[in-house]
Amino acid sequence: MKTSTLHNKKSCSQHQILDVFSRELGFNPPRIFHHRFSASEGVVSRIGLAGNLIGHERCVNTVEFNRSGDRLVSGSDDRRVVLWNVASRCLVLSYDSGHADNVLQARIMPFSDERSILTSATDGQVRLGQVADNGKVQTKRLGKHDGCVHKLAVEPGSPYIFYSCGEDGLVQQFDLRSDSSTKLFCCSTFTGNIHRHSSPNRLNSITIDPRDPNYFSLGGSDEYARVYDIRKLHLGAPVETFCPKHLIKIKTRDIHITGMSYSNTSELLVSYTNEHIYLFQKNMGLGPYPVAASLEHVDSLDEPQMYSGRSNSLTVKGVSFFGPGCEYVMSGSDCGRIFIWKKKDGRVIRVMEGDKRIVNQVEPHPNIPVLASTGLEKNIKLWAPVSENIHPLPRDLHKIMESNRRAGENHSGVTHTRDGVTHVLRLQRRQGRAYVERRRDRDDAARDEEDESDGNPSECNIV
């Protein structure tokens, strides 16, 4: 097994060398070479900490790159919004958001030269920050929800249109060419009667399909991911819903959706609390009213790809694709680590220490194999393939994953099968045996000493 693994790694490295050689000779076009290089598992396995962005006074809840990737915007519990130069890691702009509570989301409107920045917060407000020529920022409220607004979704390619969803279940559409918002509908939980909805669905996530912006998905306080068509909202129902089969049968109130993301081929990635991450294809839908779906139909559906190992119980965590063709899936964990999986088979290929407590968001760079992460610390971490050597997986990965699984069970009261964890571990044992982690114990000891010397981290709220 070990010999085979080493042979596979050597073969992978040889392919990368041949790609570089072909590129130099002109046989490999720059765009194809860049795509294959950035999607290489060898590159992802070399990702390490490249730097920290320091400028917030409390924990950072949100980060996003602009379209070109040379700027990064962040929002924090200190209620400030900061714009960063990614290359120099320098603060470009910092301003008071105008929110009365923690900033949960900050987005740069495309084609605005980073002069229009959207924010949402725990206070339920949706606000716009306009950067003037002299660098001063004026903010104004665009809309309001009754409860936290965790996510905003900008229509791909539009400098004006975006959406918000809140814990009140309300979905709103905004057009920056006007000063008013349009209340589209209130999302409710499903009941046994397909003609009647019950209480509002406390929404945590909204994402727009990049291939067809007419479609957007919502996730919140129940187990169903809902897909809506902006052209068919008059029907009063989603056009499609998704949910793993076993969650339909569990019927627990402690399972809900915290993060969603579309791939470049319209696959829908859904992250659950006290559970795992799942990738849905279009043919895995339950229909507009999932509670009315027959058992025969549910049983006939293919199982979605599952990504397990991290813990998602304490905060509202996002989930993202990574790579030029969305070849990887990544998410933060309650254990303070960043997990990166191979999208195709769910195999864990990289685990990194991202925060001393919890990693909430992991954001991919739009063009190169770089990512940014935030958690309960005051800084933002930038990650890039800076290592000359491939990083091995943690030697105690089995214990980490088992601990995360038990944490999910303790919070949900539901006993999950061990098959998911066992399957993932079996896949990447073939890699782990090929490496010797020489400095793990020494690094852990140094980290423990650093934790003891730090101030009280309780200043950051867990929302």
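Scroll up to find the structure.
Attention in this report is confined to the structure presented alongside it. All residue numbers refer to position in the chain's written sequence, counted from 1. Whole-chain, interface and lining totals are the exception, using all residues; otherwise, since this is a predicted model, local features are given only for residues with pLDDT of at least 70 and side-chain atom pairs are given and counted only at 80 or more. Excluded from the side-chain calculation are hydrogens and water; included are all heavy atoms of the structure.

**Concerning the nonpolar core**
Here, nonpolar core means buried Ala, Val, Leu, Ile, Met, Phe, Trp, Tyr and Cys residues that are tied together by side-chain atoms lying within 4.5 Å of each other. A 1.4 Å probe rolled over the protein chains alone gives each residue an accessible area, and that area as a share of the maximum for its type sets the label: buried under 20%, exposed over 50%, partly exposed in between. Counting residues in each nonpolar core, the largest one holds 21 residues, and the members touching the most others are Ala225, Phe242, Cys243, Leu268, Val270, Tyr272 and Leu286. Listing elements by their share of this core, those giving two or more residues are β16 (225–229), α4 (245–250), β18 (257–262), β19 (268–272) and β20 (277–280). Only heavy atoms matter for contacts: two residues are in contact if any of them lie within 4.5 Å across the pair. When sequence neighbours within four positions are dropped, the list of residues in contact with Ala225 reads Leu218, Glu240, Thr241, Phe242, Ile257, Met260, Leu268 and Val270. Judged by nonpolar contacts, the second largest core, of 16 residues, contains Leu269, Leu279, Phe321 and Val329. Strands are runs of DSSP state E lasting at least 2 residues, helices are runs of H or I lasting at least 4, and numbering of each runs from the N terminus.

**Topic: the pattern of salt bridges**
Whenever Lys or Arg places a side-chain nitrogen within 4 Å of a carboxyl oxygen from Asp or Glu, that contact is recorded as a salt bridge. Across all of its chains, the model carries 17 salt bridges by this definition. Salt-bridge contacts for Arg347 lead to Glu41; the nearest nitrogen and oxygen are separated by 2.9 Å. Note that Arg347 is positioned in the loop between β24 (337–342) and β25 (348–353) and Glu41 in helix α3 (residues 41–44), a separation of 306 residues in sequence. Taken individually, Arg347 and Glu41 each receive the classification buried, so the pair is uniform in this respect. Residue Asp175 pairs with Arg177 through a salt bridge whose shortest N-O separation is 2.9 Å. With relative accessibility at 58%, the residue Arg177 sits in the exposed group.

**Considerations on the pairing of strand β6 (residues 103–108)**
Across the six residues that make up β6, a large majority, six, are buried. Pairing analysis gives five bridges linking β6 to strand β7 (residues 116–121), with the strands arranged antiparallel. Residue pairing in the sheet places Ile108 in a bridge with Ile117 of β7. By definition, two strands form a pair when at least two bridges between them are found by DSSP.

**Some words on the packing of aromatic side chains**
Aromatic ring pairs: the centre-centre distance and the angle between the two ring planes describe each pair. In summary, the pairing rule links any two rings of Phe, Tyr or Trp, Trp by its six-membered ring, whose centres are within 6.5 Å, and it sorts them by plane angle into stacked for under 30 degrees, edge-to-face for over 60 and tilted for everything else. In this structure the tally under the stated criterion is 10 aromatic pairs. Between Phe162 and Phe174 the ring centres are 4.6 Å apart and the planes differ by 5°, which places this aromatic pair in the stacked class. Here Phe162, found in strand β11 (residues 161–165), pairs with Phe174, found in strand β12 (residues 170–175); they are 12 residues apart in sequence, far enough to count as distant. Here Phe162 falls in the buried class, since its relative accessible area comes to 0%. On the accessibility criterion, Phe174 (2% relative accessible area) is buried.

**Quick look at the sheet that holds strand β8 (residues 125–131)**
Read from one edge of the open sheet, four strands run β6-β7-β8-β9, paired in antiparallel fashion. Every interior strand has two partners, whereas the edge strands, β6 and β9 (137–144), have only one. Direction aside, the axes of adjacent strands within the sheet are offset by 25° on average. The pairing of β8 with β9 spans seven bridges and is antiparallel. Residue pairing across strands places Leu128 opposite Lys140, the latter belonging to β9. In this analysis an axis means a line fitted to C-alpha atoms, helices contributing only their contacting stretch, and an angle means the value between N-to-C directions, from 0 to 180 degrees.

**With respect to the sheet that holds strand β5 (residues 90–96)**
Working definition: the strands of a sheet are paired by backbone hydrogen bonds and lie parallel or antiparallel to each other. One open sheet holds the four strands; their spatial order is β2-β3-β4-β5, and the pairing between them is antiparallel. Strand pairing shows two members of the sheet lacking a second neighbour, β2 (60–65) and β5, which therefore form its edges. Pairs of neighbouring strands in the sheet enclose a mean axial angle of 20°, with direction left out of account. Pairing geometry for β2 and strand β3 (residues 71–76), over five bridges, is antiparallel. By the bridge assignment for β3, Val63 is matched with Ser74.

**Topic: the side chain of Arg347**
On the basis of relative accessibility, which here comes to 12%, the residue Arg347 falls in the buried class. Under the rule applied, a polar contact is a pair of N or O atoms within 3.5 Å (in protein, one hydrogen donor and one hydrogen acceptor; residues adjacent in sequence only if both atoms are side-chain atoms). Within polar-contact distance, the side chain of Arg347 engages the side chain of Glu41 at 2.9 Å.

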